[in-house]
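# Understanding the architecture of this molecule
Here's the letter readout for the chains.
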Amino acid sequence: MPRQRWQRGVTVLARWLLGTVLVTWRYLWETTPLYRAGECEGDERDRPPPLPREAVDDMVQLAEDGCGPLFHRVFRVRIAGADVDGARLVEHLCRHFEHFVPSEVVGIRAGELRAHGLDIADELVVEMPGPWNGPVRVVRRDRESLHLVTLRGHMEAGQVRFRAHEDGDLLVFEIELWARAATRLVHVLYSHLRVAKEIQLNMWVRFCLSAVALSGGRLVDGVHIRTRRLQPSHTAPREG
């Protein structure tokens, strides 16, 4: 086995064994208020947005490729006294994505990026505990948002969008996801045992809190989480 691959395997194992324990401990003692709107049935408004035709190839893992219901989730924080505006926070996200994830359990691998960071067609891999990593591709980027789609091998099938914008004197940061389980095993872990669902919730809550810290401001009223569910008959459309 090449030395680099062996070292990476050791790193992933250590992150899995030690990082998961640490993140679980922090999660159990988390004092940030979490406001979870009750999970409810969604409607057509919860379908994932269409993707540009040129962004979809054989490597893309659309929601229609997954298993079980589609979950539309939004994680939102409001920030007071931020040192940056929405555009600057998104710029920092694109340049330093690794600063937003819980580094003790998640690693980021990306190719050589341009000076302004992640842009359309760039790909990165989110290395997570367990047998799944999270390869994604950028499909849209503008001043106030970064939009990713999952690739083959990801534990989910769908899309995620990060946005930051001003609302009066406050800066609002949100993560919006449209995703189904990529396989039946993930579907069981997510929808029935709820293991994957709680791990995902913990990661995105940490992501939001990192955005607050990196903005230089303070969290106003906790993390707000909304979850809506669509049955498997609803699939992600492709833009024609």
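## Focus: the environment of Leu171
Looking at the element boundaries, Leu171 is found in strand β9 (residues 170–181). Look at Leu171 and you get buried, because its relative accessible area is 3%. Setting aside anything within four residues of it in sequence, one finds Leu171 in contact with Val77, Arg78, Ile79, Ala82, Val84, Asp85, Gly86, Leu89, His165, Glu166 and Ser215.

## Side note on the nonpolar core
Residues Phe97, Phe162, Phe173, Ile175 and Phe207 are the most contacted members of the largest nonpolar core, which totals 33 residues. Elements supplying a minimum of two residues to this core: β3 (67–80), α2 (86–95), β6 (133–142), β7 (145–150), β8 (156–167), β9, α4 (195–215) and β11 (223–230). Considering every element that reaches this core, the biggest residue donor is α4, with eight residues. Aside from chain neighbours lying at most four places away, what touches Phe162 is Leu93, Phe97, Glu144, Ser145, Leu146, Leu148, Phe173, Glu174, Ile175, Trp204 and Phe207.

## Observations regarding the confidence of the model for the chain
Summarising the model, the chain shows a mean pLDDT of 81, and 72% of its residues fall at 70 or more. Throughout residues 234–240 the model reports pLDDT below 50, and contacts reaching past four residues in sequence, or to other chains, amount to 23 contacts.

## A closer look at the side chain of Thr150
One can find Thr150 in strand β7. A distance of 2.7 Å separates a polar atom in the side chain of Thr150 from the backbone oxygen of Gln61. At 3.5 Å, the side chain of Thr150 and the backbone oxygen of Glu156 are in polar contact. Apart from the residues within four sequence positions on either side, Thr150 is in contact with Met59, Val60, Gln61, Pro135, Val136, Glu156, Ala157 and Gly158.

## Observations regarding the pairing of β3
The buried fraction of β3 is high, at twelve of 14 residues. Bridge analysis of β3 against β11 gives seven bridges, and the strand direction is antiparallel. Each bridged residue has a counterpart across the sheet, and for Val74 the counterpart in β11 is Arg226. Relative to strand β10 (residues 218–219), β3 runs antiparallel, the two sharing two bridges.

## Focus: the packing of aromatic side chains
Here the distance between the centres and the angle between the planes together describe a pair of aromatic rings. Applying the stated criterion across every chain yields a total of seven aromatic pairs. Between Trp204 and Phe207, the ring centres sit 5.5 Å apart and the planes meet at 55 degrees, which makes this aromatic pair tilted. Of this pair, Trp204 and Phe207 are both found in helix α4, three residues apart, which corresponds to roughly one turn of the helix. Accessibility classification places Trp204 together with Phe207 in one group, the buried group. Aromatic rings pair up to connect Phe97, Phe100, Phe162, Phe173, Trp204 and Phe207 into one cluster.

## What about the environment of His72?
The residue His72 is located in strand β3 in this model. Distance from His72 to Arg229, taken between C-alpha atoms, is 6.2 Å for residues 157 residues apart in sequence. Ignoring any residue separated from it by four or fewer positions in sequence, one finds His72 in contact with Asp46, Glu176, Leu177, Trp178, Arg226, Thr227 and Arg228. Separated by 3.4 Å, the side chains of His72 and Trp178 make a polar contact.

Thresholds, definitions, all that
Residues numbered from 1 in each chain as written. Predicted model: local features only at pLDDT ≥ 70, side-chain atom pairs only at ≥ 80, totals over all residues. Heavy atoms only, no water. Helix = DSSP H or I, 4+ residues; strand = E, 2+ residues; numbered from the N terminus. Buried < 20%, exposed > 50% of the residue type's maximum accessible area, 1.4 Å probe, protein only. Contact = heavy atoms within 4.5 Å. Core = buried A, V, L, I, M, F, W, Y, C linked by side-chain atoms within 4.5 Å. pLDDT = per-residue confidence, 0-100. Polar contact = N/O pair within 3.5 Å; in protein donor to acceptor, adjacent residues only side chain to side chain. Pairing = 2+ DSSP bridges. Phe/Tyr/Trp six-rings, centres within 6.5 Å; stacked < 30°, edge-to-face > 60°.

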